[in-house]
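Listed here are the chains, written in short residue letters.
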Amino acid sequence: MHKRSQVSLAALLALGLVGFAHAQDTQLERVEVTGSRIRQVDAETAQPVQKITSAEIQKSGLVTVGDILNQLSAAGTPDFSKGSALASNAEEGGQYINLRNLGSQRLLVLVDSKRWTQSIAGYTDLSTVPSALIDHIDVLKDGASSIYGSDAIAGVVNIILKKSMDGGSVSVYYGANQKGDGQTTDASVTFGASNEHSSLMFGANFSQQKPVWARTRDITSQSYGTGPDQYGAGFGAGPWGRINPVNPVTGVVEPAKLANGSPNPAYFNRVLNHTGTATSVGTGSASNDPANYHNGVDPLADTYNSSQDMMFQIGTEMKSIFTKGTIDITPSTRFSATAMFADRTSTAQVAGYPLNSTSQSGYPVYISKDSYYNPYGNQAVGNTTGTGGVDLFFTRRTIEVPRVTVNNNRASHFDMGLDGDLTLGGKAWNWDAGVNFSKAAGNEVMTGNLNLPNLKKALGPSFNNNGVIQCGTAANPIGLSSCVPFDILGGPSASTAAALAYVMSTSQLSYGSTVKSIYGNLSGEIYRLPAGPLALAVGVERRDVSGYNVPDQIDQDALTTNLAGNSTYGKYNVKEAYAELNVPILKGVPGAELLSVDLASRYSDYSSFGNTTNSKASIMYKPVKDLLTRATWAQGFRAPTLGDTFGGGSQTFDTFLDPCDTVYGAAKTDAAVQARCVASGTNATYRQVNQAGQPIPSAGGTQSITAFNAGAGNAFLTPETAKTLTAGFVYNPSYLPGLNIGLDWYRIDIKNVITAVSATYVANQCFVQNISSFCSSIKRDPATGQIINLSRGNANLGELLAEGYDLEVDYKFRPTSFGQFALRSATSFVTKNSSRSDMTAPLENEAGGFPFYKVKSNITLDWSYQAWSATWTTHYYSGFKAQCWDNDDTSTCSNGQATWNSPVNGDGVTGYNKFGSVSYSDLSVGYKLPWKGSIMVGANNVFGKKPRINYDATLNSSSSSVDPDLPIDRFYWVRYSQSF
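So, how was this worked out
Residues numbered from 1 in each chain as written. Predicted model: local features only at pLDDT ≥ 70, side-chain atom pairs only at ≥ 80, totals over all residues. Heavy atoms only, no water. Buried < 20%, exposed > 50% of the residue type's maximum accessible area, 1.4 Å probe, protein only. Helix = DSSP H or I, 4+ residues; strand = E, 2+ residues; numbered from the N terminus. Core = buried A, V, L, I, M, F, W, Y, C linked by side-chain atoms within 4.5 Å. Contact = heavy atoms within 4.5 Å. Pairing = 2+ DSSP bridges. Axes fitted to C-alpha atoms, helices over the stretch in contact; angles between N-to-C directions. Disulfide = S-S within 2.5 Å.

This part takes up helix α10 (residues 759–767). In terms of burial, α10 is largely enclosed, as 9 of its 9 residues are buried. By the burial criterion, the buried members of α10 are Ala759, Thr760, Tyr761, Val762, Ala763, Asn764, Gln765, Cys766 and Phe767.

A word on the nonpolar core. If you look at the biggest cluster of nonpolar residues, it comprises 43 residues, and the most contacted ones within it are Leu69, Ile97, Ile137 and Ile159. When contributions to this core are tallied by element, the ones reaching two or more residues are α3 (65–69), β4 (107–111), β6 (134–140), β7 (155–161), β20 (315–330), β21 (333–350), β39 (739–756) and β42 (794–812). When residues in this core are grouped by element, the largest group, 4 residues, is from β39. Setting aside residues up to four positions removed in sequence, Ile137 forms contacts with Gln50, Lys51, Ile52, Ile57, Val65, Leu69, Val157, Asn158 and Ile159. In this structure, Tyr293, Cys471, Cys483 and Val503 belong to the second largest nonpolar core, which totals 31 residues.

Attention now goes to the sheet that holds strand β41 (residues 787–792). With mixed pairing, the 4 strands of this open sheet are ordered in space as β34-β37-β41-β40. Unpaired on one side and paired on the other, β34 (648–652) and β40 (778–780) mark the two borders of the sheet. Geometrically, the sheet is characterised by an average inter-axis angle of 15° between neighbouring strands, direction not taken into account. Judged from the 2 bridges that link them, strand β37 (residues 708–712) and β41 form a sheet pairing that is parallel. Bridge pairing in β41 links Ala710 to Arg792. Together, β37, β40 and β41 form the strand contacts of α10, whose direction differs from that of β40 by roughly 85°.

Below, the discussion takes up the state of the cysteines. The full count for this structure, using the stated rule, is 3 disulfides. Note that Cys471 is cross-linked by a disulfide to Cys483, the S-S spacing being 2.0 Å. Here Cys471 and Cys483 share a disulfide; its torsion about the S-S bond, -65°, makes the bridge left-handed. Linking Cys471 in strand β27 (residues 468–471) with Cys483 in the loop between β27 and α6 (497–503), this pair joins segments that are 12 residues apart in sequence.

Further remarks concern the pairing of strand β51 (residues 933–940). Bridge count for strand β50 (residues 918–928) against β51 is 6 bridges, and the pairing is antiparallel. Pairing of Val925 across the sheet is with Val937, part of β51. Connecting β50 to the next strand, β51, in antiparallel fashion are 4 residues, including Lys932 with a positive phi near 65°.

See below:
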């Protein structure tokens with residue numbers, strides 16, 4: 001019987017087995033490497049694979065698989081940041097790896113070479129895999145659609161679980177920031193038993209990461225920091241009523257100026273008098289007295305610092321159980337099964353809703369002229385006739401009730417199958433067949449939004465009924481059980497618990513996705529050539545994919561201030577077949593210790609769009625024993641996800657910079673842009689305003705004053721297509737045992753990209769790049785010129801291009817009297833991170849602009865001596881360009897005139913700030929105890945490197961201009977493990 005095993009090339013490199021001397025077939029196990037279906041004796045591969053061992057995971061001081069993988073040098077900025085507290089998608093709270101900055105949906109995640117759970121948007125939450133049961137993780141940095149199918153464009157993460165264990169172990173962990181927040185706990189128990197013919201393992205895990213609040217640190221306590229120019233710049237709508245009159249004839253807000261340009265005498269813009277400031281709320285005056293209002297908005301007193309109510313990093317909690325078993329049915333046939341269930345709950349909080357009369361443009365809510373609390377109404381103080389009142393447009397942030405989203409995600413996975421060995425024609429073959437089931441389902445509960453029908457009643461007619469303010473009129477009263485009046489202009493000091501309970505809304509959204517598959521694979525030797533066996537692998541697979549995303553009906557009808565969305569229902573199936581052929585050409589001859597070619601092709605037939613075939617060719621060549629060279633050409637694809645094709649779409653408040661702003665936008669310096677802007681409805685002095693009605697204070701832009709539309713599905717989408725080229729070498733000098741050097745070049749060109757473009761991108765493509773197809777998606781207010789509607793969805797628009805180099809250097813030193821030392825390093829050099837919105841636009845290289853670092857590196861020094869061990873790791877991030885504060889103030893820009901390709905704000909942006917490189921160092925020390933226990937303590941960011949203000953960090957931070965995916969503080973941790 002042939003031995004069965006599954007390891008990666010990286011594992012064998014670590015063990016020093018890729019010394020390129022060839023052994024007899026009987027001396028080595030047949031192995032399956034990540035990226036190939038052929039089990040082979042020789043472990044060399046033409047594809048770059050990086051390995052992370054369980055020991056490295058333990059020493060990192062990190063708890064989840066996602067945190068660990070996001071520290072890879074090849075990993076980009078996470079698609080779903082811990083700092084995106086405003087996000088309300090089903091993925092929020094999970095962890096995903098964005099390899100090569102090509103998007104987490106373009107990375108295939110496998111567990112024991114099987115597909116894992118996916119959301120309807122195509123993302124795989126890595127936090128659902130319990131780290132305690134991981135043997136190692138293979139990261140294939142190459143396209144592999146010809147082997148695995150859709151999504152394997154940027155690469156493949158293959159999490160290999162422990163095969164068996166005898167006994168058990170318990171591990172507990174605790175860590176926290178030096179300031180005492182961000183507390184992280186983790187506890188796991190694993191045990192198993194095995195014999196010659198069977199094995200069974202079980203594991204349970206609990207982990208919790210508590211939130212970090214923006215208000216606890218000065219640098220995160222405001223949107224743009226607390227510098228003298230930045231203080232108050234990010235303050236938004238305040239908690240005190242701001243009012244404008246509604247024209248009684250037209251039913252719309254009175255304009256500030258008449259058509260002839262003269263001031264409108266009927267217009268006013270007033271705010272309730274109050275004590276306190278934007279950071280310290282006081283008490284409001286009586287709201288029904290017009291004498292208690294002042295003209296205009298004080299930018300510090302009448303606004304609100306919403307960051308003080310926001311989480312800088314959201315909190316999560318995960319519970320999971322896992323079991324895996326195998327049993328030999330016959331000497332050559334084995335049954336195996338794996339089951340997992342994980343329950344994740346994440347909680348995100350942001351400030352109360354910035355409410356105004358047209359928060360939902362299709363359901364406007366004004367303060368009725370017959371409301372008791374209307375200062376210009378028929379019952380206002382000073383109105384002795386009871387007539388002549390006007391309805392009021394209002395703006396007010398309901399800070400009394402912060403917006404909280406609790407996302408409960410439940411993921412389950414089950415697979416079972418048979419595998420075995422057989423002999424055909426005297427040659428060794430392996431086969432396996434099985435079924436795979438994955439499901440992710442959950443619900444979001446959102447509080448802090450307002451029920452607009454109830455709000456309309458609460459702001460409608462009301463009267464004083466013997467000291468009790470009651471809805472309706474004296475002639476037609478409405479009982480307090482049916483309606484509670486709301487003194488919305490009076491601010492937090494005038495709110496009552498009953499009124500808030502009446503006008504507030506609790507929304508729920510349910511979502512889920514299911515993947516069912518059945519597969520069969522066969523691999524083995526066809527013929528023995530002089531250079532080795534001619535090997536073949538073939539297989540078939542069928543997957544059925546379905547999913548849904550269903551908001552509350554009241555949210556679907558846009559009757560709350562929650563972002564309206566439509567239901568998503570969709571399903572498709574795919575039938576696939578593949579073949580892979582490995583051809584050894586030369587072996588052990590002068591000038592060619594090894595020369596082989598690997599060919600693979602996969603045919604995929606989708607019910608949603610049709611069929612596609614993707615192929616791959618790779619070559620390995622060893623001119624001498626110490627040097628392996630390799631190269632790969634591969635086709636890849638990403639099928640449209642359920643969300644891409646069937647998505648119902650939803651509203652969103654986008655943070656964006658209007659290029660037509662005449663102070664911070666491109667219109668300031670580009671006459672052609674200004675001309676396009678004026679033609680669209682702006683003027684020569686146009687300013688973009690924030691939700692408080694104030695001109696934006698910086699090039700960071702502001703959140704849209706009305707909801708935009710995003711994410712609608714497109715039934716005509718076709719797959720993204722990719723061409724991948726890699727070339728490199730692995731050098732293991734025989735004169736210096738223990739040294740491994742690997743260098744690989746890559747180029748990944750993705751076309752037909754399915755793109756969800758940003759609001760800033762859409763605006764820049766229209767007004768800066770002059771691409772007319774984007775202009776039809778923008779609508780401006782004819783009176784003010786402000787963008788009041790912008791639609792952005794999915795389309796096969798353009799292209800992504802990633803190119804660079806990966807360098808790995810490992811050296812295990814000779815043992816010394818001071819212990820054993822080992823050096824590990826991995827560095828990624830990015831030369832291109834390019835994109836274009838459609839094929840008519842230029843392909844712009846954004847490498848070096850935040851968040852596309854040109855160089856990321858991890859350098860680790862390991863030491864062990866008897867029962868002691870220690871690890872020192874330094875993470876390096878190269879410098880980058882980002883948006884500066886004010887192009888007119890050279891002190892805020894390292895270069896205020898040059899144009900550059902901003903990954904955040906689009907192409908052709910004028911002015912940038914150059915940030916220098918930064919590095920963070922981690923230290924861990926471990927000791928093995930005599931009773932099979934071990935203790936490990938550590939500090940991440942051991943030097944306490946302080947965070948920096950980066951105005952482009954709002955890309956992934958809802959609360960501030962600090963990158964939430966870099967260390968915010970020194971982090972201390974301790975772990976105790978006990979085996980039994």
